[in-house]
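If you want the building blocks of each chain, they are given just below.
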Amino acid sequence: MEETKALWRRLKIHTLLDLALILPTSYNDTTLSKQLTIGQSHTLKATVREHRYRGGKLQLTFWLSDFNQPLFATFFKVTPYHKQRFGVGSSHTIQGKLERYNGHLQISQPKSIGSVGRIVPKYKSLLTATQMRALIASMITKPNLLATGLHPQEVEILYQLHFPHTLEALYLQGSLRPEVVHALKCIEAFNHLSKLRGKRVDFPAKEALRGDITAFVVSLPFRLTPEQEQVIAQIQIDLARTDRAAKRMVVGDVGSGKTMVILASVMMAYPSRSILMAPTSLLALQLYEEACKYLPPSLRIALVMQGRSEGVYQEADFIIGTHALLYKEDIPSSALVMVDEQHRFGTKQRQMLESMMGGVEYKPHFLQFSATPIPRTQAMMESELLDVSLITSTPFEREVLTQTIGKGEFASLLEHIKEEVAQEHQVLIVYPLVEESQEIPYQSLEESRGFWEQRFEEVFVTHGKDRHKEAVLLEFRERGKILLATTVVEVGISLPCLTLIVIVGAERLGLATLHQLRGRVGRNGLKSWCYLYSNAPVNARLTAFTQTTSGFDIAKLDLKFRDSGDILDGTIQSGQKFRWLDMGEDEAIVASAKARLKEEKQGQAPA
Ligand code: ADP
Ligand code: MG
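Residues numbered from 1 in each chain as written. Chains lettered and ligands numbered in written order. Predicted model: local features only at pLDDT ≥ 70, side-chain atom pairs only at ≥ 80, totals over all residues. Heavy atoms only, no water.

K.L.:
Sorry, what's going on with the overall build of the protein here?
P.N.:
Counting its regular elements, the protein contains 20 helices and 25 strands. Taken over the C-alpha trace, the protein has a radius of gyration of 33 Å; the compact-globule value for 607 residues is 25 Å, which it surpasses by more than 25%. By its C-alpha atoms, the protein is 105 × 70 × 40 Å across when sized along the principal axes. For the protein, with 607 residues in total, the buried portion stands at 50%. For the protein, the exposed area adds up to about 29900 Å²; of that, 51% sits on carbon and sulfur atoms. (Helix = DSSP H or I, 4+ residues; strand = E, 2+ residues; numbered from the N terminus. Rg over C-alpha atoms; globule rule 2.2 N^0.38 Å. Buried < 20%, exposed > 50% of the residue type's maximum accessible area, 1.4 Å probe, protein only. Areas by Shrake-Rupley, 256 points an atom, 1.4 Å probe, with all protein chains shown as cover.)

Structural data, given as structure tokens:
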């Protein structure tokens, strides 16, 4: 048993199905061939009729009793073993590739094998072939597989893959049959979900939050979208409970109106206190401004940032801040904890805020907001650990025309930029790097700034390592015309007059990043443009990107082009890699695996 555990560790697996899903990469099939096909490998019963040793070569004529015909064989490297083994009249089972030579059947260098009628799997793993086969033989039994909760027909397929009767049942023209692949997808989803199940840990909440939000909703200058309403209703149910503190992630594209969901939640908590953490001062400030604008004046709001604060946070009903919050010792306890743009924080920072507000036996209600769309399938997987709400639409149709361009279009691009600037609109140009580099065939920020500064007024420049980045962005928001930056532009910050973005070297970036960048323009419904500038020839991935603006579709595309060999920047957020499951397409399979696990859970007798 100890030994088995060590082997599992070496294979980095945790469950029986993890092991079962390590499939043979090939098989050694020793079942006797039923027909003769030139060019294919055969296993044949053969008796030696003639035996000639000539010029260092051993030439044999076999008789194939099953087929009533002769077969010629030649050994080029001959040892005394061969001479002795293949004496006239001796019978063998031989294996090799069948050829036709001068009108005769021939196999060169055939193998004489001992056992017949078996299909022996071959595995590629960190274990030796013997260790692996022994492990599989001892663990992969039908009763063991059934005990994992798989359906009998899935067990049958999985078992056959390790111990096949015939390969025809599994393979069709060298590939796994579609029904086998389908079963493997189901098994993979089932295995992954069973591992997640039971990982969710819930704590009671200290308070039920049931504040009335009607007046707030009515006071808004617009109607909430159906999706905003739906998420708000889900949160109302979450917060009204005390047996289990809320643990929900709201995922919505840039501009989908998540701030209104945050503010509505503050109203549900009121008169109890809420706290919200944002990744940058700029974003915290913007959220503070919005909170002041839309929440009733009786609600006391405070802002906590390094170097700047507003209001008395010790007495506030709603505290907004950056991670500076984590280092204040007198932040009062809050019943509702929220994190905006949660993917920009580390797990530790998020948990720190939550645990600052919780006790030993209870936790605050906890809501996280993310602008990184994930495929619905992945959301379904993750919802085993926490509740997930998706917002897939934006409050108003954003009109952003996306186009790939190259050197040839630069003159007309320049004209377009001039037109936008003349209309008091703002332009963002994103460069792949700050300084010149041999490796990247594009101009850098520093190399190009002179060009723009000569032609335009109010050109601002910033990049990820710029210490004054936030100040530059704030000033640009007020009076800038053109902003030159690297990809590290603040996510979530709203520049309402930004109508044109140029992304230089777009083919080098992941679609998720391109989508975040494109999300900067057209925030106020102004008609906008996104130009993907590339020296490279037309690229299918970029073309696909120009054809959709839905972050959820783009998350799917990102999966599709994951292995396309483009130089990506490593920000692919699509997560978990599966061998068989396609997160973009196998929604139904994941849904049914989930339903199955749920049924199973309900079927179990209460402990
Ligand atoms: P997100 O945080 O999801 O990126 P925001 O909350 O910043 O998006 O919303 C984007 C813009 O849409 C803001 O200007 C906001 O005031 C506006 N907005 C939000 N909800 C609605 C709505 N229901 N109708 C019209 N505009 C809305
Ligand atoms: Mg936001």
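Still to come is the rest of the account.
K.L.:
What exactly am I supposed to notice about helix α11 (residues 281-294) here?
P.N.:
Each α-helix winds once per 3.6 residues, and so residues spaced three or four apart point in a common direction. In this model, α11 (14 residues) spans 20 Å end to end at C-alpha, consistent with the 20 Å of a helix rising 1.5 Å per residue. L282, L283, A284, L285, Q286, L287, Y288, A291 and Y294 are the residues of α11 that are buried. (Expected span 1.5 Å × (residues − 1).)

K.L.:
Would you take a moment to explain the environment of L413 for this structure?
P.N.:
Relative to the helices and strands, L413 resides in helix α14 (residues 410-422). Assessed through its relative accessible area of 4%, L413 is described here as buried. For the pair formed by L413 and A512, sequence separation is 99 residues and the distance between their alpha carbons is 24 Å. When neighbours within four sequence positions are excluded, L413 is seen to be in contact with I405, V502 and Y531. (Contact = heavy atoms within 4.5 Å.)

K.L.:
Sorry if this is basic, but what is going on with the site of ligand 1 here?
P.N.:
Of all residues adjacent to ligand 1, which total 16 residues, the nearest are R223, Q228, G255, K258 and T259. S256 is positioned with one of its backbone polar atoms (N or O) 3.2 Å from an oxygen atom of ligand 1. Residue G257 places a main-chain N or O atom 3.1 Å away from an oxygen atom belonging to ligand 1. When isolated, ligand 1 has an accessible area of 570 Å², and the protein chains bury 86% of it. (Near = heavy atom within 4 Å. Polar contact = N/O pair within 3.5 Å; in protein donor to acceptor, adjacent residues only side chain to side chain.)

K.L.:
So what exactly am I meant to see when it comes to helix α12 (residues 347-357) here?
P.N.:
All of the buried residues along α12 are R350, L353, E354 and M357. For α12, the angular spread of buried residues about the axis comes to 95°, placing them on one side. Buried residues along α12 sit against β13 (274-277), β17 (336-339) and β18 (365-370). (Arc of directions from axis to C-beta.)

K.L.:
Mind showing me how you'd approach the packing of α14 against helix α15 (residues 445-455) here?
P.N.:
Packed helices, taken two at a time, are described by the angle their axes make and the gap between the axes. Remark: α14 packs on α15, axes separated minimally by 12 Å, with the N-to-C direction vectors making an angle of 50°. When the axis of α14 is compared with that of α15, the two are oblique. Two packed elements cross with a definite hand, and for α14 against α15 that hand is right-handed. Residues F410, L414 and I417 of α14 form the contact with α15, whose participating residues are F451, W452 and R455. Looking at the contact of α14 with α15 residue by residue, the classes come out as 5 nonpolar, no polar and 1 charged. (Axes fitted to C-alpha atoms, helices over the stretch in contact; angles between N-to-C directions. Parallel < 35°, antiparallel > 145°, perpendicular 65-115°, else oblique. Left-handed = near helix turned anticlockwise from the far one by under 90°. Nonpolar A, V, L, I, M, F, W, Y, C, P; charged D, E, K, R; others polar.)

K.L.:
Would you mind going over the packing of aromatic side chains with me for this structure?
P.N.:
A ring pair, where both rings are aromatic, is described by two values, the distance of the centres and the angle of the planes. Applying the stated rule across the entire model yields 10 aromatic pairs. Members of the aromatic cluster, joined through ring pairs, are F410, F451, W452 and F456. The ring of Y53 is capped by K83, whose NZ or CZ atom sits 4.1 Å from the centre of that ring. Directly above the ring of F451 sits R455, whose terminal nitrogen or CZ lies 3.8 Å from the centroid. (Phe/Tyr/Trp six-rings, centres within 6.5 Å; stacked < 30°, edge-to-face > 60°. Lys NZ or Arg CZ within 6 Å of the ring centre and 35° of its normal.)

K.L.:
Looking at this structure, how should I read the sheet that holds strand β7 (residues 104-108)?
P.N.:
Sheet strands pair via backbone hydrogen bonds, and the direction of the pair is either parallel or antiparallel. If you trace the 7 strands from one edge of the open sheet to the other, you get β6-β7-β4-β3-β2-β5-β8, paired in mixed fashion. Each having just a single partner strand, β6 (99-101) and β8 (111-112) make up the two edges of the open sheet. Here strand β3 (residues 57-64) pairs with strand β4 (residues 69-75) via 7 bridges, running antiparallel. Paired with L58 across the strands is F75, a residue of β4. (Pairing = 2+ DSSP bridges.)

K.L.:
Sorry, what's going on with the domain arrangement of the protein here?
P.N.:
Frequently, the measure chosen for interface size is the accessible area that the parts lose on association. Annotation of the protein at the domain level lists domain 1 (2-25 + 124-176), domain 2 (41-112), domain 3 (214-391) and domain 4 (400-548). For domain 2 and domain 4, the distance between their C-alpha centres works out to 71 Å. (Domains from an automatic or database assignment.)

K.L.:
Help me understand unusual backbone geometry, please; the structure alone is not making it clear to me.
P.N.:
Look at the link from Y270 to P271: it is a cis peptide, with omega at 10°. Relative to the elements of secondary structure, P271 occurs in the loop between α10 (258-269) and β13. Positive phi values are uncommon outside glycine, yet Q109 reaches one of about 55°. Relative to the helices and strands, Q109 is located in the loop between β7 and β8. You will see that E458, though not glycine, has its phi angle at about 50°, which is positive. Along the polypeptide, E458 turns up in the loop between α15 and β22 (459-461). Of the residues examined, E458 reaches a relative accessible area of 32% and is grouped as partly exposed.

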